[in-house]
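Residue-level structure breakdown
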Amino acid sequence: MAQQHNSWRHYLRQPHAGDAISMQRLVAATEVLDLNSTYTYLLMATDFASTSIVADVRGEIRGLITGYHPPMRPEVLFVWQVAVARTAQGTGLGGTMLDSLVQRVQEERHGHPITVEATVAPSNSVSRALFGAFARRHGVPVTEQRHFTAAQLAADQSHEDEPILRIGPITASPND
Ligand SMILES: CC(C)(COP(=O)(O)OP(=O)(O)OC[C@H]1O[C@@H](n2cnc3c(N)ncnc32)[C@H](O)[C@@H]1OP(=O)(O)O)[C@@H](O)C(=O)NCCC(=O)NCCS
C-alpha cells in the first residue's frame, strides 16, 4: 500500500463544473454517504473548488473531498464529504487527498495554521481511521465534541449523531 500512497498525487486536482455529475455518482456509489443534489456538487466544484479536491484517473473521478472555510472562521477547513471509489479504498487515496488539500489550502493562506474539522458518526470507523492517521502524520491532537444530533439530522432518528472532530492546528505539511 505504501508505494501507492504518493503515486495518487499525480491524479489530484481542483474540481470544476464538469465534474459535478461524476462527483454525485461517486458519492452515490459509496452507499454510505448522504447523497446531495447535482446542484450542490456544482457549487462545491465552482464556488468551493479551492477547498475541494478530486482524483481524476484518465477522466474517471475515483475520489473526492468537498470542503469550505466557515464564514466566520477562515482558519478552519471544514471537510464535508470524503469519498473513494470502492476499487481504490484502502490504497491511501483518502489520506493523500486530505494531505494534498490541506497543503494547498495552507499555501493559499500563506502558511498560516489551519484546523481541520469534520463530523463523523461514531460507527464510521474507516472515517475515524482516516482522520486519526492524518492527525498522527501531522503530529497534532484530535478533539471530539457533541455537534449535530440524531434528532437534528432526521425526524425519525434514522441518522446517528454526528460529533465534530477538530484536528490541529496544523502548521506545516508532513513532508516539511
Ligand atoms: C473513508 C474513505 C474516504 C477512506 O479512504 P481510503 O482511501 O479508503 O483510506 P486510506 O487508504 O487513505 O486509509 C486511511 C486510514 O484508514 C485506514 N483504513 C483504511 N481502510 C480501512 C478499513 N476498512 N477499516 C479500518 N481502517 C481502514 C488505513 O489503514 C489508514 O490508516 P493508517 O494510515 O494508519 O494505516 C473511503 O474508505 C470511503 O470512501 N469510504 C466510504 C465513504 C465514507 O465512509 N466516507 C466517510 C468519510 S467522512
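This write-up is about the structure you can find in this document. It should be emphasised that the depicted structure is a prediction, and the values quoted were computed from it without experimental measurement.

Here we look at the site of the ligand
What surrounds the ligand is a group of 20 residues, the closest being Val84, Gly90, Gly92, Gly94 and Gly95. Between an oxygen atom of the ligand and a main-chain N or O atom of Val84, the distance comes to 2.8 Å. Within the side chain of Arg136, a nitrogen or oxygen atom sits 3.1 Å from an oxygen atom of the ligand. Protein contact buries 70% of the 920 Å² of open area that the ligand shows by itself. Where the shell around the ligand is concerned, the elements lending two or more residues are strand 4 (76-84), helix 4 (93-108) and helix 5 (125-138). The dominant element in the shell around the ligand, judged by the number of residues it contributes, is helix 5, at six residues.

Remarks on the pattern of salt bridges
Scanning all chains against the criterion turns up nine salt bridges. For Glu31, the salt bridge goes to Arg86, with nearest N and O atoms at 3.4 Å. Of this pair, Glu31 sits in the loop between helix 2 (20-30) and helix 3 (38-46) while Arg86 sits in the loop between strand 4 and helix 4, and the two are 55 residues apart along the sequence. Across the salt bridge formed by Arg166 and Glu117, the nearest N and O atoms sit 2.8 Å from each other. Of this pair, Arg166 sits in strand 7 (residues 162-170) while Glu117 sits in strand 5 (residues 114-119); the two residues are 49 residues apart in sequence, bridging distant segments of the chain. Taking the relative accessible area as the measure of exposure, Arg166 reaches 25% and is therefore partly exposed. Here the salt bridges do not stand alone but share partners, grouping Arg13, Asp19 and Asp56 into one network.

Focus: helix 3
One turn of the α-helix equals 3.6 residues, which is why residues spaced by three or four share an orientation. Within helix 3, the full set of buried residues consists of Tyr41, Met44 and Ala45. In an axial view of helix 3, the angular spread of the buried residues amounts to 95°, which keeps them on one side of the axis. At its buried positions, helix 3 is contacted by helix 2, strand 3 (60-68) and strand 4.

Rules used in this analysis
Residues numbered from 1 in each chain as written. Predicted model: local features only at pLDDT ≥ 70, side-chain atom pairs only at ≥ 80, totals over all residues. Heavy atoms only, no water. Near = heavy atom within 4 Å. Polar contact = N/O pair within 3.5 Å; in protein donor to acceptor, adjacent residues only side chain to side chain. Areas by Shrake-Rupley, 256 points an atom, 1.4 Å probe, with all protein chains shown as cover. Helix = DSSP H or I, 4+ residues; strand = E, 2+ residues; numbered from the N terminus. Salt bridge = Lys/Arg side-chain N within 4 Å of Asp/Glu carboxyl O. Buried < 20%, exposed > 50% of the residue type's maximum accessible area, 1.4 Å probe, protein only. Arc of directions from axis to C-beta. Contact = heavy atoms within 4.5 Å.

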